[in-house]
Amino acid sequence: MNLRRDVFQALADPTRRAILLLVASQSLTAGAIAANFDTARPTVSKHLQILTECELLQQKQSGREVHYHINAKKMKEVADFIEPFRQMWDDRFNKLEAIMKNYKPAK
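Notes on the structure follow. These figures come from a predicted structure and were not determined experimentally.

**A look at the packing of aromatic side chains**
By convention here, two paired aromatic rings are described through the distance between centres and the angle between planes.
Right, on to step 1. All chains considered together, the criterion is met by three aromatic pairs.
Right, on to step 2. Arranged with centres 5.3 Å apart and planes meeting at 50 degrees, the rings of Phe8 and Phe81 form a pair that is tilted. One end of the pair, Phe8, is in helix α1 (residues 7-12); the other, Phe81, is in helix α5 (residues 72-102), with 73 residues separating them in the sequence.
Right, on to step 3. Look at Phe8 and you get partly exposed, because its relative accessible area is 37%.
Right, on to step 4. For Phe81, a relative accessible area of 48% corresponds to the partly exposed category.
Right, on to step 5. Here the aromatic rings of Phe81 and Phe85 are separated by 5.6 Å at their centres, their planes lie at 50 degrees, and the arrangement is tilted. One end of the pair is Phe81 and the other is Phe85, both in helix α5 and four residues apart, which spans about a single turn.
Right, on to step 6. An aromatic cluster is defined as three or more aromatic residues linked by ring pairs; in this entry it consists of Phe8, Phe81 and Phe85.

Definitions and cut-offs
Residues numbered from 1 in each chain as written. Predicted model: local features only at pLDDT ≥ 70, side-chain atom pairs only at ≥ 80, totals over all residues. Heavy atoms only, no water. Phe/Tyr/Trp six-rings, centres within 6.5 Å; stacked < 30°, edge-to-face > 60°. Helix = DSSP H or I, 4+ residues; strand = E, 2+ residues; numbered from the N terminus. Buried < 20%, exposed > 50% of the residue type's maximum accessible area, 1.4 Å probe, protein only.

That's the geometry; what it means functionally is another story.
Next comes the structure, spelled out in structure tokens:
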């Protein structure tokens with residue numbers, strides 16, 4: 001049985017979010033990524049595997065090293081899914097702000 005990992009479960013983990021932030025600006029090897037964490041390298045490798053299975057990261061072989069980089073297309077899909085929720089909350093906060101501007105505290 002071939003089960004695909006859920007993108008949002010992958011994003012729920014703080015270490016995986018930190019990895020995505022690290023590779024957002026440049027591709028890095030597993031060793032370079034692991035050097036940023038106080039955990040065993042196999043643990044970081046497992047996180048990289050999950051992010052790759054979710055297609056949030058892509059791998060590129062460069063000689064003997066594998067470099068990881070963001071899959072911008074997949075990240076855009078996630079952002080597009082979340083956007084309506086962000087807009088809804090922005091609208092709610094804007095309404096609350098308007099109410100608070102007109103609020104006069106009792107003396």
